[in-house]
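Commentary on secondary and tertiary structure
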Protein chains: 2
Amino acid sequence: MFVNRMPRYEILSADAMAQLDAGWRRLVTEIGVEFMSDRALDLFREAGQRVEENTVFLDPEFVLEQVAKAPREFDLQARNPEHSVHIGGDTMAFGAVYGPPFVREGDTRRDGTMADYENFARLSQSFSVLDSAGGVVCEPNDTPLDSRHLDMTYALMTLTDKVFMGNVVSGTNARDVIAMSEILFGGREAIERTPVSISLVNCNSPLRWDDRMLDALFEYAAAAQPVVLTPFILMGAMSPVTIPAALVQQMAEALSGIALAQLIRPGCPVVFGSFLSNIDMQSGSPTFGTPESGIGLLCTGQIARHFGLPFRTGGGLTSSQVPDAQAGYEALMTLMPTFLAGANWVMHTAGWLEGGLVAGFEKFVVDCQIVEMLQHEFTPLEIDEGSLAFDAHQEVGHGGHFLGSMHTMERFRTCFYRPFLNSSDNYERWVRGGALDTAARASVIWKKRLEEYEQPTLDEAVRAELEEYVVRRRRELGD
Amino acid sequence: MFVNRMPRYEILSADAMAQLDAGWRRLVTEIGVEFMSDRALDLFREAGQRVEENTVFLDPEFVLEQVAKAPREFDLQARNPEHSVHIGGDTMAFGAVYGPPFVREGDTRRDGTMADYENFARLSQSFSVLDSAGGVVCEPNDTPLDSRHLDMTYALMTLTDKVFMGNVVSGTNARDVIAMSEILFGGREAIERTPVSISLVNCNSPLRWDDRMLDALFEYAAAAQPVVLTPFILMGAMSPVTIPAALVQQMAEALSGIALAQLIRPGCPVVFGSFLSNIDMQSGSPTFGTPESGIGLLCTGQIARHFGLPFRTGGGLTSSQVPDAQAGYEALMTLMPTFLAGANWVMHTAGWLEGGLVAGFEKFVVDCQIVEMLQHEFTPLEIDEGSLAFDAHQEVGHGGHFLGSMHTMERFRTCFYRPFLNSSDNYERWVRGGALDTAARASVIWKKRLEEYEQPTLDEAVRAELEEYVVRRRRELGD
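How each quantity is defined
Per-chain numbering applies: the sequence of each chain, read as written, is numbered from 1 onward. Chain letters and ligand numbers both follow the written order, the letters beginning at A and the numbers at 1. Per-residue local features of the predicted model are confined to residues with pLDDT of at least 70, and side-chain atom pairs are confined, for both listing and counting, to 80 or more; whole-chain, interface and lining totals are unaffected and use all residues. In computing side-chain values, all of the structure's heavy atoms are included and hydrogens and water are not. UniProt positions are given in the numbering used here, feature names are shortened, and annotations may be inferred rather than shown by experiment. Helical segments are the DSSP runs of H or I of at least four residues, strand segments are the runs of E of at least two, and each set is numbered from the N terminus. Throughout, the radius of gyration refers to the C-alpha atoms, and the reference size of a globule is 2.2 Å times the residue count to the power 0.38. Residue contacts follow a heavy-atom distance rule, with two residues in contact if any of their heavy atoms lie within 4.5 Å. A 1.4 Å probe and the Shrake-Rupley method give the accessible areas. Residues count as covered only by the protein chains that appear here. Residues counted as positive are Lys and Arg, residues counted as negative are Asp and Glu, and His and the chain ends are not counted. The location of each charge is read from NZ of Lys, CZ of Arg, CG of Asp or CD of Glu. Burial classes: relative accessible area under 20% of the type maximum marks a residue as buried, over 50% as exposed, and values in between as partly exposed (1.4 Å probe, protein chains only). Pairs of N or O atoms are called polar contacts if they sit within 3.5 Å, as long as, within protein, a hydrogen donor faces a hydrogen acceptor (for residues adjacent in sequence, only side-chain-to-side-chain pairs). In this scheme, a helix's expected span is set at 1.5 Å multiplied by one less than its residue total. Pairing between two strands requires that DSSP report at least two bridges joining them. In this description, buried area is defined as the sum, over both parts, of the accessible area (probe of 1.4 Å) that is lost when the two are combined. Put simply, a salt bridge is a Lys or Arg side-chain nitrogen that is within 4 Å of an Asp or Glu carboxyl oxygen. Any pair of Phe, Tyr and Trp rings, taking the six-membered ring for Trp, is counted once the centres come within 6.5 Å. Such a pair is stacked with planes under 30 degrees apart, edge-to-face with planes over 60 apart, and tilted for the rest. Alignment of the copies relies on least squares applied to C-alpha atoms, considering only residues that score at least 70 for pLDDT in both. When two cysteine sulfur atoms lie within 2.5 Å, the pair is treated as a disulfide. Summarising the geometry, the arc corresponds to the directions from the helix axis toward the C-beta atoms. All axes are obtained by fitting lines to C-alpha atoms, using only the stretch in contact for helices, and the reported angles, taken between N-to-C directions, cover 0 to 180 degrees. Two helices that cross are described as forming a left-handed crossing if the nearer one is turned anticlockwise from the farther one by less than a right angle, and a right-handed crossing if clockwise. Classification convention: Asp, Glu, Lys, Arg as charged; Ala, Val, Leu, Ile, Met, Phe, Trp, Tyr, Cys, Pro as nonpolar; all other residues, Gly among them, as polar.

You'll find chain A entered in an unreviewed UniProt entry as Methyltransferase, with Phycicoccus flavus given as the organism. Database annotation for chain A, UniProt heading Sequence similarities (unreviewed entry): "Belongs to the trimethylamine methyltransferase family."

This brings us to the overall build of chain A. Assigned secondary structure in chain A consists of 18 helices and 20 strands. Scaling as 2.2 N^0.38, a compact globule of 479 residues should have a C-alpha radius of gyration of about 23 Å, and chain A matches this with 23 Å. In terms of overall dimensions, chain A has C-alpha extents of about 80 × 55 × 50 Å along its principal axes. Considering only intrachain contacts with a sequence separation of at least 6, the fraction spanning at least 24 residues in chain A is 76%. Of the accessible surface of chain A, which amounts to about 16,000 Å², a share of 48% is contributed by carbon and sulfur atoms. In chain A, which carries 39 positive and 65 negative side-chain charges, the distance between the mean positions of the two groups comes to 2 Å.

Let us now look at the environment of Glu139(A). Residue and element names in this part refer to chain A. Along the chain, Glu139 falls in the loop between helix 4 (114-126) and helix 5 (148-159). By relative accessible area, which is 22% here, Glu139 ends up partly exposed. Considered as a pair, Glu139 and Asp111 are 28 residues apart in the sequence and their alpha carbons are 8.1 Å apart. Non-local contacts of Glu139, meaning those with residues more than four positions away in its chain, are made with Gly99, Pro100, Pro101, Gly112, Thr113 and Arg148. Within the local environment of Glu139, its side chain forms a polar contact with the side chain of Arg148, the two groups lying 2.7 Å apart.

Another aspect to go through is helix 6 (residues 171-185) of chain B. Residues and elements named next belong to chain B. Compared with an ideal rise of 1.5 Å per residue, which puts 15 residues at 21 Å, helix 6 spans 21 Å between its outermost C-alpha atoms and is within 8% of the ideal. Listed as buried for helix 6 are Gly171, Asn173, Ala174, Asp176, Val177, Ile178, Ala179, Met180, Ser181, Ile183, Leu184 and Phe185. Following helix 6 by one or two positions, Gly186 adopts a phi angle in the positive range, close to 90°.

Before going further, it helps to examine the sheet that holds strand 3 (residues 50-52) of chain B. Neighbouring strands of a sheet are bound in pairs by backbone hydrogen bonds; such pairs are parallel or else antiparallel. Residues and elements named next belong to chain B. Strand order in the open sheet formed by four strands is 3-4-2-12, and the pairing between neighbours is mixed. Two strands bound the open sheet, and with one partner strand each, they are strand 3 and strand 12 (208-209). In the sheet, strand 3 pairs with strand 4 (residues 55-57) via three bridges, with the strands oriented antiparallel. Along strand 4, the bridge assignment pairs Arg50 with Phe57.

Right, let's get into the pairing of strand 15 (residues 275-279) of chain A. All names here are of chain A. Burial runs high along strand 15: five of the five residues are buried. Inspection of the sheet shows strand 13 (residues 227-235) paired to strand 15 by four bridges, in the parallel sense. In the sheet register, Leu234 faces strand 15, and the bridge partner there is Ser277.

On to the interface of chain B and chain A, then. Across the contact, 119 residues belong to chain B and 118 residues belong to chain A. Buried surface at the junction of chain B and chain A, summed over both partners, amounts to about 9,500 Å²; 67% is from carbon and sulfur atoms. Taken as a group, Tyr329(B), His398(B) and Phe416(B) account for 9% of the area that chain B buries against chain A, more than any other trio of residues on that side. Seen at the junction of chain B and chain A, the total is four salt bridges.

Residues and elements named next belong to chain B. Mapped onto the fold, Phe218 is located in helix 8 (residues 211-222). On the accessibility criterion, Phe218 (8% relative accessible area) is buried. Taking C-alpha positions, Phe218 is 23 Å from Leu466, a pair spaced 248 residues apart along the chain.

Another point: the packing of aromatic side chains. Considering all chains together, one arrives at 33 aromatic pairs over all chains under this definition. Between the aromatic rings of Phe339(B) and Phe378(B), the centroid separation amounts to 5.4 Å while the plane-to-plane angle is 40°, which identifies the pairing as tilted. With a gap of 39 residues between them, Phe339(B) in helix 11 (residues 325-341) and Phe378(B) in the loop between helix 12 (361-377) and helix 13 (385-388) connect regions that are remote in the sequence. Each member of the pair, Phe339(B) as well as Phe378(B), carries the same accessibility label: buried. Taken together, the ring pairs in this structure connect Phe2(A), Tyr9(A), Phe94(A), Phe339(A), Phe378(A), Phe2(B), Tyr9(B), Phe94(B), Phe339(B) and Phe378(B) into an aromatic cluster.

The operation relating chain B to chain A is a screw motion whose rotation component is 180°, with 0.0 Å of axial translation and a residual RMSD of 0.0 Å. Taken together, the rotation angle and the small translation identify this as a two-fold axis. Minimal C-alpha separation from the rotation axis in chain B is found for Ala325(B), amounting to 2.0 Å. The fraction of interface residues of chain B whose copies in chain A are also interface residues reaches 99%, indicating that both copies meet through the same surface.

A few words now on the sheet that holds strand 20 (residues 358-360) of chain A. All names here are of chain A. Strand order in this open sheet of four strands is 9-8-20-19, and the pairing throughout is mixed. Two strands bound the open sheet, and with one partner strand each, they are strand 9 (108-111) and strand 19 (352-353). Summarising the sheet, strand 8 (residues 102-105) and strand 9 pair through four bridges and their orientation is antiparallel. Within the sheet, the bridge partner assigned to Arg104 lies in strand 9 and is Arg109.

Right, let's get into the pairing of strand 15 (residues 275-279) of chain B. All names here are of chain B. Two elements, strand 15 and strand 16 (residues 286-287), share two bridges in a ladder whose sense is antiparallel. Within strand 16, the residue paired with Asn278 across the bridge is Thr287. Here strand 15 folds back onto strand 16 in antiparallel fashion, the turn holding six residues, of which Gly284 has a positive phi close to 80°.

Enumeration according to the criterion identifies zero disulfides over all chains in this entry. Unpaired in terms of disulfides, Cys368(A) finds its nearest cysteine sulfur in Cys138(A), a separation of 15 Å.

Let us now look at unusual backbone geometry. Following Ser205(A), the chain continues to Pro206(A) via a peptide bond in cis, the omega torsion being 5°. With respect to the helices, strands and loops of the structure, Pro206(A) is situated in the loop between strand 11 (197-203) and strand 12 (208-209). Notably, His348(A) is not glycine yet its phi reads approximately 55°, a positive angle. Mapped onto the elements, His348(A) comes out in the loop between strand 18 (345-346) and strand 19. For His348(A), a relative accessible area of 6% gives the class buried. Of note in this structure, Leu207(B) is not a glycine but carries a positive phi near 60°. Inspection of the secondary structure assignment puts Leu207(B) in the loop between strand 11 (197-203) and strand 12.

The next subject is the pattern of salt bridges. All names here are of chain B. Throughout the structure, instances matching the rule amount to 62 salt bridges over all chains. Among the ionic pairs, Glu354 bridges to Arg109, the shortest N-O distance being 2.7 Å. Residue Glu354 is located in the loop between strand 19 (352-353) and strand 20 (358-360), and its partner Arg109 is located in strand 9 (residues 108-111); the two are separated by 245 residues in the primary sequence. Arg109 carries the same exposure label as Glu354, and that label is buried. For Arg473, the salt bridge identified is with Asp176, shortest N-O distance 2.6 Å. In this pair, Arg473 is assigned in helix 18 (residues 460-476) and Asp176 in helix 6, connecting sequence segments 297 residues apart. Among the residues examined, Arg473 registers a relative accessible area of 11% and is labelled buried.

Take helix 1 (residues 14-31) of chain A next. All names here are of chain A. Over its 18 residues, helix 1 runs 25 Å from end to end, which matches the ideal 26 Å to within 8%, given 1.5 Å per residue. The complete set of buried residues in helix 1 reads Ala16, Met17, Leu20, Asp21, Gly23, Trp24, Leu27, Val28 and Ile31. Buried residues of helix 1 fall within an arc of 155° about the axis and therefore sit on the same side. Exposed side chains of helix 1 directed beyond 90 degrees from the buried face belong to Ala14 and Asp15. One or two positions beyond helix 1, positive phi appears at Gly32, with a value near 75°.

Along the polypeptide, Ser293(B) turns up in helix 10 (residues 291-306). The exposure class of Ser293(B) is buried, given its relative accessible area of 7%.

Right, let's get into the packing of helix 11 (residues 325-341) of chain A against helix 11 of chain B. At their nearest, the axes of helix 11 of chain A and helix 11 of chain B sit 7 Å apart, and the two run at 40° to each other. As for how helix 11 of chain A packs across helix 11 of chain B, the hand of that crossing is right-handed. Contacts between helix 11 of chain A and helix 11 of chain B involve Ala325(A), Gly328(A), Tyr329(A), Leu332(A), Met333(A), Met336(A), Pro337(A) and Leu340(A) from the first element and Ala325(B), Gly328(B), Tyr329(B), Leu332(B), Met333(B), Met336(B), Pro337(B) and Leu340(B) from the second. Residue composition of the contact of helix 11 of chain A with helix 11 of chain B, by class: 14 nonpolar, two polar and no charged.

Given below as structure tokens:
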């Protein structure tokens, strides 16, 4: 887990924030938010909010009272305590791409499989910049739809010892994840004391929360497992085409979801979520790494801090079909603002290609490289007598070089970050090495990582109990 | 010329700045700065500074008095007034890559030629994000060394109507550029009233200014043509391995050069220059787009503002040999901080490959794309009733989409920046289009730009006089 002690880059004036603040208040008061769940509607009604059919018209002050019950920061335990993370404040935790049905490996693009899923889980374990494999690193299309959440959760729990994301396809799936978490961590009390999973509940933007994801929210919140309440906004489609409107809508949606989580279980850890980009208004295609999404990201951080909430946004997003130059700069076009804003929980950090339809093995390596560079860049300078190096100047003099100076000798091993993917070979050496471009080098790296991968140890009784649970539930689900 | 009205991202505390300030004062006082020019030494001696052999021991207060004579901001006129720029304050002006002996076109890497040089000049004219072709866009290796500055200057003056950089190989070359500038702009008085060229004078770091570049400085400063006084620092070689030491050295070098410029001609426009990256301590190779250079860049902006000087830094730097993913993210790893710091004069904006040894045609297009995205990203949000779009929510309701809403219809043509290089095609469409990656698409774009290029008009008498000057001087130089 990275601690970002650099300043936050904030671009909203106090006046701008006040205008956005008035905006979400007007939306929840006058347009209201739809909740496609009777349980949710009942909770809001009992709490004194006006409910008409599925629409809840919210009193902004009531919303803020609920939001204030959420912790500003919280711990999330991994089964390996060294991999536990803290969500909020200056911390940033990173998970792999989430959701792609397809996989790219070199020049091949194909349906994702359980074997791919497992390999991505192994790579997430292997790369230290990642705090989590996330959840659905790719869809394991060769496993039955009803029970694949069991296979994925088992893989996350056994192939990695990092924190993991819970399945949110239904309340039933959420109960399975919680049950397996209880097995892994020693019971309900243990996971309620310090949560062990984090789950993504998306809003069906604009202003609608759907039933299945809300069912999952009910389960996780009741078990005090953190939930990332995320407006899913491609501006122009799920929100108006203007960034301020998208931000206001995002506030209305995220805050209303967080209010519900607090009604389910006051004090339940939550994360202010944001997934904000825009479509190409000529083709209708989603686009990523755009200027508009960068601005939205910076504002989102400021807004989440305004409400005292940890927040999720960012990732190595790109529209590119392959891990080429566009993939490189678009990923960084989101990842740099992710650091500038100090996002606390970063999904889609590694592997995202083709607008999120593809999990790419080479892109996974590219993104890990970018994030590792940024982690070094967002580390404050230490200025002291030693780093000012006056003595080195005395030693070297005018027009000399510092390669062999005492000051350099004492520091040369650790003074600069050394990338694992980038090439700075001179041309002749690069040609002798096969003239491999970044994607080709990334291909070598992930294959080597898989070869060298060592599965983290797990108590055999616990593993067996997890397996037993998966086998039994799969049978019950008819798969 | 872009005006960056976003906040600056500043990472140095007041205390850190005070430590750096004490650092450069100690360097110039105790170590001193070497000037390999008797004229320079005489000027410093006459101004009461202690000179021992070639080393000037500077009184920091004297340096600051000289620096205070430099304008905080100044205009630079182009022969097309629409392309004139302002250097300083919130403005950012961008020039192409400077200095590469080699050229890359697709898979071919070869010596640069005058034809390449001219094509890069045409592309610099064509891409509106660039304010200048710069100076030595690539070395025209097929022209004689002694007189190629004439050919390059003639190309810059006739193939572009944007601002240009002066040659700095010698005082003689500088005099030629000034003479040609006088022809183009109508005499010495005209170019002294508002300068027309900007020139790069590098320090031979550490702490040495060499004779030939100083000779050029004398010519340009005397003619009131702005000079960018730039410490050329690859940390670990030309400076100690620690960033604070490099920053302090950069201050001592740039400020001492600026003090000399003010002694030559008080009030002469200058730019606080920075070229700051690091070497790979294992191979000795220069590396670019590094975390260390990013931090240095952010600090440099803050330092230049501290002294009330316009500053130069940034660019689309990369170590990569080809325009691949690394080239994309390394370029942005420098260009994003360039915008965060608000650099006023940005060299190497477009075309830089392979540590600056290669000017790449495809990379040129990639960089122009990145800068255009950043220019849109660094444009402040407008928040008002219209952009908050409450009426659009009333029209669309919960769970609907905004594609056809009135608010969208009114804005869809201009609401989002539309990139010219990035692909967001879906996979099938991308395959039908030939499955071109970014480099392949960039190749199509620069060739099309050259086909469509139209040479800016120039008074025929002026052009003939320039040509005559070039022919005469080439003969005099024996080429």
